[in-house]
Amino acid sequence: MLVMFSARRLKPGAWEQFRRAWDPADTKPPGFQRAYHARNIRDEDDVISFGLFDMTEDDYRRWRGEADAEETERVDRLSAFVESQAVEGVYEVIDVVDD
């Protein structure tokens, strides 16, 4: 399982535009399970986004190689609404804690 994660500060009031630009529409990566956007309860422009993907690192690298131009274009579109980005990466799930 992989997690694609980012922490961003959006431009003031840009949430709706950011969200529309973020959506990959019909071209979600293989293994896509779901994605979450979470807003800081003290600052609505402080947003984290993460998606869960049932894929291996090799699957990710293959997909990224095939979809690089489209993914770069999508990120460029949503970046217009981002003031700064503190963290971005693809992480491998190494431990799960349940009830």
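Criteria and thresholds
Residues numbered from 1 in each chain as written. Predicted model: local features only at pLDDT ≥ 70, side-chain atom pairs only at ≥ 80, totals over all residues. Heavy atoms only, no water. Helix = DSSP H or I, 4+ residues; strand = E, 2+ residues; numbered from the N terminus. Buried < 20%, exposed > 50% of the residue type's maximum accessible area, 1.4 Å probe, protein only. Contact = heavy atoms within 4.5 Å. Areas by Shrake-Rupley, 256 points an atom, 1.4 Å probe, with all protein chains shown as cover. Arc of directions from axis to C-beta. Pairing = 2+ DSSP bridges. Axes fitted to C-alpha atoms, helices over the stretch in contact; angles between N-to-C directions. Patch = residues over 30% accessible without salt bridge, like charges linked within 9 Å, V, L, I, M, F, W, Y side chains within 5 Å. Salt bridge = Lys/Arg side-chain N within 4 Å of Asp/Glu carboxyl O. Parallel < 35°, antiparallel > 145°, perpendicular 65-115°, else oblique. Nonpolar A, V, L, I, M, F, W, Y, C, P; charged D, E, K, R; others polar.

**Student:** Looking at this model, I keep getting lost on the overall build of the protein chain. Mind explaining?
**Tutor:** Helix and strand counts for the protein chain stand at two helices and four strands. Scanning the protein chain from its N terminus toward the C terminus, one meets helices and strands in the order β-α-β-β-α-β. Along the three orthogonal principal directions, the C-alpha set of the protein chain runs to about 40 × 35 × 20 Å. Within the protein chain, the fraction of its 99 residues that count as buried is 27%. Of all intrachain contacts in the protein chain linking residues separated by at least 6 positions in sequence, the fraction that spans at least 24 positions is 74%. For the protein chain, the exposed surface amounts to about 6,900 Å²; the carbon and sulfur share of it is 48%.

**Student:** Teacher, can you tell me more about helix H1 (residues 15-22) here?
**Tutor:** Among all positions in H1, only Phe 18, Ala 21 and Trp 22 are buried. Projection of H1 onto a plane perpendicular to its axis shows the buried side chains occupying an angular sector of 100°, all on one side. Those residues of H1 hidden inside the fold are in contact with strand E1 (2-10), strand E2 (32-40), strand E3 (43-53), helix H2 (57-79) and strand E4 (82-92).

**Student:** Sorry if this is basic, but what is going on with the sheet that holds E2 here?
**Tutor:** Strand pairs in the sheet, formed through backbone hydrogen bonds, run parallel or antiparallel to each other. What the four strands build is an open sheet, ordered E2-E3-E1-E4; its pairing is antiparallel. The open sheet is flanked by E2 and E4, the only strands paired with a single partner. The sheet shows a mean angle of 15° between the axes of neighbouring strands, taken without regard to direction. Those strands touched by H1 are E1, E2, E3 and E4, and its axis lies near 165° from that of E2. Strands in contact with H2 are E1 and E4; relative to E1, the strand with the most contacts, it is inclined by about 15°.

**Student:** Mind showing me how you'd approach a nonpolar patch on the surface here?
**Tutor:** A cluster of nonpolar side chains, namely Met 1, Val 93 and Val 96, defines an oily patch on the protein surface of about 250 Å² accessible area. Structurally, Met 1 can be placed in the segment before E1.

**Student:** How should the packing of H1 against H2 be read in this particular structure?
**Tutor:** Describing two packed helices takes the angle between their axes plus the distance from one axis to the other. Across the interface, H1 lies against H2 with an axial gap of 8 Å and an inter-helix angle of 175°. Here H1 lies roughly antiparallel to H2, going by the angle between them. Contacts from Phe 18, Ala 21 and Trp 22 of H1 reach H2 at Arg 74, Arg 77 and Leu 78. Residue composition of the contact of H1 with H2, by class: four nonpolar, no polar and two charged.

**Student:** Is there a simple way to explain the environment of Glu 92 in this structure?
**Tutor:** Positionally, Glu 92 belongs in strand E4. On the accessibility criterion, Glu 92 (59% relative accessible area) is exposed. With 18 residues separating them in the primary sequence, Glu 92 and Arg 74 have C-alpha atoms 23 Å apart. Setting aside residues no more than four positions away along its own chain, Glu 92 makes contact with Met 1 and Leu 2.

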